[in-house]
Amino acid sequence: KNITVSTETTIIPTAIDNVPEPTTTCRVYPNPCVDYLFIESVPNVASGCVYNVEGREVMRSCQRAIDVSSLSAGIYLYSIKLSDGTIQRGKFVKR
């Protein structure tokens, strides 16, 4: 008998090189940042998450200004969900 096995693989970005550059109307600045990471977008921000380079969530916020002063210096990933349902992902440097 011949047996055919079919598999699908879903790739989730967890490394800095795998994160696509933003393509929506959402602007995240400054980069690098020290105390706050600001989100400027139309439509409004529904939620925002910050992840370390290992993919662990280290912060969650629904504000347009995220206080990142408690984070250690390094590279972080963000995921922002806008009120229209679109999601923007990117990376930033915390000094």
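See above for the structure.
Presented here is an overview of the structure given in this document. Quick caveat: nothing in here was measured; it's all calculated off a predicted structure. (Residues numbered from 1 in each chain as written. Predicted model: local features only at pLDDT ≥ 70, side-chain atom pairs only at ≥ 80, totals over all residues. Heavy atoms only, no water.)

### Observations regarding the nonpolar core
Leu37, Val68, Ile80 and Phe92 are the most contacted members of the largest nonpolar core, which totals 16 residues. Sort the elements by how many residues they give to this core and strand 6 (residues 74-82) lands first, with four residues. Once you skip the residues sitting within four places of it in the chain, Ile80 turns out to touch Cys26, Val28, Ile39, Val45, Ser47, Gly48, Thr86, Ile87 and Gln88. (Core = buried A, V, L, I, M, F, W, Y, C linked by side-chain atoms within 4.5 Å. Buried < 20%, exposed > 50% of the residue type's maximum accessible area, 1.4 Å probe, protein only. Helix = DSSP H or I, 4+ residues; strand = E, 2+ residues; numbered from the N terminus. Contact = heavy atoms within 4.5 Å.)

### Concerning the pairing of strand 3 (residues 45-51)
Most of strand 3 is tucked away: five of the seven residues are buried. Of the strand pairs in this sheet, strand 3 and strand 6 are connected by six bridges, and their pairing is antiparallel. Looking at the pairing, Gly48 lines up with Ile80 of strand 6. In this structure, strand 3 lies alongside strand 4 (residues 57-61), joined through four bridges in antiparallel fashion. Within strand 4, the position partnered with Gly48 by the bridge is Ser61. Between strand 3 and strand 4, which follow one another and run antiparallel, lie five residues, and Gly55 among them has a positive phi close to 90 degrees. (Pairing = 2+ DSSP bridges.)

### Notes on the packing of aromatic side chains
Within the structure shown, the criterion is met by four aromatic pairs. The interplanar angle of 20 degrees and the centroid separation of 5.7 Å between the aromatic rings of Tyr76 and Phe92 together place this pair among those described as stacked. With a gap of 16 residues between them, Tyr76 in strand 6 and Phe92 in strand 7 (residues 87-94) connect regions that are remote in the sequence. Accessibility assignment for this pair places Tyr76 and Phe92 in one class, buried. For the pair Tyr78 and Phe92, a centre-to-centre distance of 6.4 Å together with 35 degrees between the ring planes defines the contact as tilted. Remark: Phe92 occurs in strand 7 and Tyr78 occurs in strand 6; sequence separation between them is 14 residues. We classify Phe92 as buried; its relative accessible area is 2%. These aromatic residues form a ring-pair network of at least three members: Tyr29, Tyr36 and Phe38. (Phe/Tyr/Trp six-rings, centres within 6.5 Å; stacked < 30°, edge-to-face > 60°.)

So yeah, pure geometry; function would need other evidence.
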